[in-house]
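Residues per chain, in single letters:
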Amino acid sequence: MVTAKSESTVRNTQSFWKRISDFITKWGTVLTVGVLILYFSLTLPTFLTYSNILTILRSIAIVTVIATGVTFSLTVNGFDLSIGSVATFADSLVISMFVWYQMSTFPSIIIAISITLVVALLNSFLIIKMKIPDLLATLSTMFMFEGVAMTYTGGGSISEGMPRLDGTPTFGKIPHTFKLIGQEPYIIIIMFIIVLIAHIFLNYTKHGRYLYMVGGNIEAARLSGIPVDKYRALAYFISTFLAALGGVILASRIGSAQINAGAGYLMPSVAAAFIGYSVAGAGKPNAIGTFVGAILVGVLENGLVMMSVPYYSMNIVKGGVLALALMLTYFKKDE
Amino acid sequence: MNNAERSKLKMEDISIEFPGVKALSHVNFELESGKIYGLVGANGAGKSTLMKILGGVYTHYAGKIYLDGKEINIKSPRDAKELGIEVVYQEVDTALVPYLDVAENIMLNTIVNKMDKKQFVGWNVIHEVARKTLQTLGVDINTHTLVEKLSLAQKQLILIARAIVQKTRFLILDEPTAPLSNTEIKELFRIVKDLSTNQNVGVVFISHRLPEVFEICEKITVMRDGKVVAEKDIEKVDMKQLVELMLGRKFSENYPKRKVNIGGKKLEIKNFEDTKSRIKITNLTVHRGEIVGIAGLAGAGKTEFCKSIFGVFPLRSGEIYINGKRIYNTSPSQAVKNGFALIPEERRKEGIWINESVVTNLTATSLSKFARILSIVNVSLERVCARDIIKKLSIKTPDEYQKAAYLSGGNQQKIVIGKWLIPNADIYIFDEPTKGVDIGAKHEIFEIIGQLAEMGKGIIYASCEFPEILGISDRIYVMYNGQIVKELETEKTSEEEILYYATGGK
Ligand SMILES: Nc1ncnc2c1ncn2[C@@H]1O[C@H](COP(=O)(O)OP(=O)(O)OP(=O)(O)O)[C@@H](O)[C@H]1O
Ligand SMILES: [Mg+2]
């Protein structure tokens, strides 16, 4: 009797600490977001206002869309570094449609995104057919399409009224409907729709299940009759598609094509997708987690700007908080 | 070392729990150096868990461990190694580093732990020692080969070599013989006996093949449902008693083979040759309702052949006909579309998603059946199906959402077999399906194969366990060196005859 009792108390205290550490592991990133919001709203009176929340959501929209794409490449145990260049390319293409060719909104978007999918084709070819490691293959396409975008635009930038490189004057205007895409509420709605669709796709459909299975054990997936190569290609196509969509939204927000405009979205997107692994203890790339990751990055950035931390020191704090959030999740005493 | 220096390892009142599973309750286990102990029990009985505690893998147990009367605390695998306890784990692939070579894998502990202040690795010495160790095991593998290139049997041997490369007091072998050939097993037993008598090592040997246990063990411990149910000297127990103790019920060793009416030609394979010429099969047929055995020793090319039919390897030539119609298995997914199912030999590596749930694993091959509008998976239907398989194969798991990683080795094997029972395939290829599963499950698998035959499926059953093939098949092809060297009627042949052809007899 006595031994049985002491044994169970031992187990209870053990499980109490274990439960706490499990909880932190599971919710560490969400906790960090919560603490950040609390801290900023206590120190900055305007932080939790309606307009600032909108600002945050608007500012994370592009990152979220692109990061969702990265998430897809991660599900098949791949990695897409080319997203930044894809966004730049899509930005250049769509603006050129308006400014150079005076086309209307929707055909322009469709054509721009379709052309950009060439990157996915190339990524899939290099990775699946040529068997180049994902990181290296997409690194090379990243450089390649950074160059393509620059060559296509003749130096990188296009804006209303700016003559082309050979001196040809341009007359196209950026349509009003197109400009709406980058403004609230549309930009925020697009973001939520993308996250929702990605979430449903990854968690509830056969195809989502297959993506994870390919990533989890490619050999087992192949021998189970899953067309492994098709699903890897699918992941890269979705990744490129979402990066291109991000680029189009970016074009709408800034109303022009800029040199390497998309490059700045690479790192926050990758960070958001990786933070997403740990949210709610998922342990694998997932859409909701990525969204939380994007919020973390966005809230931090917004708060720091409002606290007038100089831009050149901002990355120190950003990197630090990121490391902290990840520490909470990954650090385990035993096991 | 002389015999006076016998040391004694004692585990007392050991209990351990995982979420939802009481894996061990109040277990006592004792071993002395210089003796060989057998540890047996059904899949999920707790054998590996008990040994992992000794190996420092699990530390959250209750109970005490004593070495020579002194209480010891094994908090990490490194502690265990320092006490001279070496464990060869069941999960072969997780214990090896695939992109390192054979020597580096064998000498891993030395490289990692014994470097002290040295910063440079003496590669010549490492390869020399590794080569010598492999030699004592009677294994011929180049020490510069990358481990990922090796077969399962070779990997198992590498792990054993790693365990014996340094001096140990206690050697624990968790199902080491499952992937090995008979000659390799003989060699292993010779070494184990040598270690125990001449080097005074205490050995724990886990296996589901009871004859092996009777061959080398002096004492035997039987576990069931996380408890020790018997401890016997080997002379005082027989096979039948042992099986009943393991399963906790009466059990008859003979299974009557179902009588199935064998129909017309179902599968025909002609002029089969892969691009590397590892296999050359001129003709093989399977009839409706027929179980065709492919008998061959380890390394005969059975696995390559099974995988080639299934479209894994590119072919130089080869024709496959189903019901007289030519089909092309250009990839496994095409093979599945053509009605083929393959239960692969390396189940952990090729059949399991250890981070996914049991349900997800079980429905991996049949997900389309559960997909509804917009490909959305009907999870409740999926769960019902999975539960059915769990019951059919008595897979031991707290519930169907348990991660596959947390199942015992044998239960993971059952998942790989189970996932092919949901889709409605036409041709079933079993590659060593009984390895690592307990005797009860083995019979359930035979039962299921019999049912499949009754339903008119064609079955290919590849194995190096000749008695099993003789028990289950209608017809046998003997394979040697990548070729079918003989076709035999099961009723008119014997183990000796199969062995004769399997070893190259003409
Ligand atoms: N890490 C873990 N988490 C949860 N449950 C576990 C874990 N390890 C083992 N178990 C459970 O404990 C029980 C005993 O498992 P163990 O691996 O010791 O069985 P075993 O006797 O070695 O079986 P097998 O012959 O199949 O290898 C099983 O029910 C298993 O599911
Ligand atoms: Mg085990």
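Residues numbered from 1 in each chain as written. Chains lettered and ligands numbered in written order. Predicted model: local features only at pLDDT ≥ 70, side-chain atom pairs only at ≥ 80, totals over all residues. Heavy atoms only, no water.

A.B. asks: Summarise the coordination of the magnesium ion (ligand 2); cite the residues concerned and give the values.
C.D. replies: All names here are of chain B. Around the magnesium ion (ligand 2), the donor atoms from the protein are S48 (OG) and Q90 (OE1), and they sit 1.9 to 2.2 Å away. Of this pair, S48 sits in helix 1 (residues 47-54) while Q90 sits in the loop between strand 6 (85-88) and helix 3 (92-95), and the two are 42 residues apart along the sequence. With relative accessibility at 17%, the residue Q90 sits in the buried group. (Donors = N, O, S within 2.8 Å, 3.2 Å for Na, K, Ca; no water. Helix = DSSP H or I, 4+ residues; strand = E, 2+ residues; numbered from the N terminus. Buried < 20%, exposed > 50% of the residue type's maximum accessible area, 1.4 Å probe, protein only.)

A.B. asks: Quick one: what's the story with the site of ligand 1, residue by residue and with numbers?
C.D. replies: Residues and elements named next belong to chain B. Contacts to ligand 1 come from 22 residues, most closely from K47, S48, T49, S408 and G410. G44 places a main-chain nitrogen or oxygen 2.8 Å from an oxygen atom of ligand 1. Within the side chain of Y58, an N or O atom sits 3.3 Å from a nitrogen atom of ligand 1. Isolated, ligand 1 exposes 640 Å² of accessible area, and the fraction of that covered by the protein chains is 94%. Elements with a minimum of two residues in the shell around ligand 1: strand 2 (21-32), helix 1 and helix 17 (409-418). Broken down by class, the residue content of the shell around ligand 1 amounts to eight nonpolar, 12 polar and two charged. (Near = heavy atom within 4 Å. Polar contact = N/O pair within 3.5 Å; in protein donor to acceptor, adjacent residues only side chain to side chain. Areas by Shrake-Rupley, 256 points an atom, 1.4 Å probe, with all protein chains shown as cover. Nonpolar A, V, L, I, M, F, W, Y, C, P; charged D, E, K, R; others polar.)

A.B. asks: Could you give an account of the environment of A:V279, with specific residues and numbers?
C.D. replies: Residues and elements named next belong to chain A. Within the element layout of this structure, V279 appears in the loop between helix 12 (266-278) and helix 13 (287-306). Along the chain, V279 and S114 lie 165 residues apart, while their C-alpha atoms are 33 Å from each other. Apart from the residues lying within four places of it in its own chain, the contact partners of V279 are K26, T29, V30, G289 and V292. (Contact = heavy atoms within 4.5 Å.)

A.B. asks: Lay out the packing of helix 8 (residues 186-204) of chain A against helix 9 (residues 206-216) of chain A with the relevant residues and their values.
C.D. replies: Residues and elements named next belong to chain A. Running from N to C, helix 8 and helix 9 point in directions that differ by 70 degrees, and their axes come no closer than 5 Å. Compared by their axis directions, helix 8 and helix 9 come out roughly perpendicular. Of the residues in helix 9, those touching helix 8 at F201, L202 and Y204 are K206, H207, G208, R209, L211 and Y212. Of the residues assigned to the contact of helix 8 with helix 9, the class counts are five nonpolar, two polar and two charged. (Axes fitted to C-alpha atoms, helices over the stretch in contact; angles between N-to-C directions. Parallel < 35°, antiparallel > 145°, perpendicular 65-115°, else oblique.)

A.B. asks: Could you give an account of a nonpolar patch on the surface, naming the residues involved and the relevant values?
C.D. replies: A contiguous nonpolar surface patch, about 630 Å² in accessible area, is contributed by A:L196, A:I200, A:Y204, B:I373, B:L374 and B:I376. Summarising the element assignment, B:I373 is placed in the loop between helix 15 (367-370) and helix 16 (379-392). Taking the relative accessible area as the measure of exposure, B:I373 reaches 68% and is therefore exposed. (Patch = residues over 30% accessible without salt bridge, like charges linked within 9 Å, V, L, I, M, F, W, Y side chains within 5 Å. Salt bridge = Lys/Arg side-chain N within 4 Å of Asp/Glu carboxyl O.)

A.B. asks: I'd love a proper account of the packing of aromatic side chains, names of residues and values included.
C.D. replies: Summed over all chains, the structure comprises 19 aromatic pairs over all chains. Considering the side-chain rings of A:F40 and A:F47, the 5.3 Å spacing of their centres and the 40 degrees angle between planes classify their relative orientation as tilted. A connected cluster of aromatic rings, assembled from ring pairs, spans A:Y39, A:F40 and A:F47. Positioned over the ring face of A:Y212 is A:K284, at 4.4 Å from the centre of the ring. Above the face of the B:F313 ring, B:R278 is positioned so that its terminal group lies 4.7 Å from the ring centre. (Phe/Tyr/Trp six-rings, centres within 6.5 Å; stacked < 30°, edge-to-face > 60°. Lys NZ or Arg CZ within 6 Å of the ring centre and 35° of its normal.)

A.B. asks: Please provide a residue-by-residue account of the confidence of the model for chain A, values included.
C.D. replies: Confidence in the prediction for chain A averages 89 pLDDT; 94% of positions are at 70 or higher. Counting interchain partners and residues more than four positions distant, the pLDDT-below-50 stretch residues 1-11 of chain A has five contacts. (pLDDT = per-residue confidence, 0-100.)

A.B. asks: If you had to explain the sheet that holds strand 7 (residues 170-174) of chain B to someone new, which residues and values would you point to?
C.D. replies: All names here are of chain B. Strand order in this open sheet of six strands is 6-7-8-3-9-10, and the pairing throughout is mixed. Each edge of the open sheet is held by one strand with a lone partner, namely strand 6 and strand 10 (227-233). Here the average twist between neighbouring strands, direction ignored, is 15 degrees. Here strand 7 pairs with strand 8 (residues 202-206) via five bridges, running parallel. Note on strand 8: the bridge partner recorded for I172 is V204. Along the sheet face, helix 10 (residues 239-247) touches strand 3 (36-41), strand 9 (219-224) and strand 10 and points at about 30 degrees away from the line of strand 9. (Pairing = 2+ DSSP bridges.)

A.B. asks: Summarise the pattern of salt bridges; cite the residues concerned and give the values.
C.D. replies: All names here are of chain B. Applying the stated rule across the entire model yields 35 salt bridges over all chains. K132 is paired through a salt bridge with E128; the nearest N and O atoms lie 3.5 Å apart. Linking K132 with E128, this pair stays in helix 6 (residues 123-136), spanning four residues, or about one helical turn. You can call E128 partly exposed: its relative accessible area is 35%. A salt bridge links D233 to K236, with the shortest nitrogen-to-oxygen separation between them at 3.4 Å. Looking at D233, the relative accessible area reads 26%, which means it is partly exposed. Assessed through its relative accessible area of 58%, K236 is described here as exposed. Several salt bridges share partner residues, and in doing so they unite D93, K155, E346 and K349 into one network.

A.B. asks: Describe the nonpolar core, and please don't skip the residues or the numbers.
C.D. replies: Judged by nonpolar contacts, the single largest core of 167 residues is most densely connected at A:F178, B:L267, B:L284, B:F305, B:I309, B:F340 and B:F430. Looking at which element gives the most residues to this core, the answer is helix 2 (residues 50-75) of chain A, with 13 residues. When residues of this core are assigned to domains, at least three fall in each of domain 3 (255-339 + 427-506) and domain 4 (353-424) of chain B. Setting aside anything within four residues of it in sequence, one finds B:I309 in contact with B:I269, B:F272, B:I320, B:N329, B:F340, B:I429 and B:I460. With 55 residues, the next largest nonpolar core counts B:L152, B:L180, B:L188 and B:L210 among its residues. (Core = buried A, V, L, I, M, F, W, Y, C linked by side-chain atoms within 4.5 Å. Domains from an automatic or database assignment.)

A.B. asks: Which residues make up the packing of helix 3 (residues 83-99) of chain A against helix 4 (residues 105-116) of chain A, and what values go with them?
C.D. replies: All names here are of chain A. Between helix 3 and helix 4, whose axes approach to 9 Å, the crossing angle comes to 145 degrees. Seen from above, helix 3 lies across helix 4 with right-handed handedness. Within the contact between the two elements, helix 3 uses V86, F89, A90, L93, V94, M97 and F98 and helix 4 uses T105, S108, I109, I111, A112, I115 and T116. For the contact of helix 3 with helix 4, the residue count by class is 11 nonpolar, three polar and no charged. (Left-handed = near helix turned anticlockwise from the far one by under 90°.)

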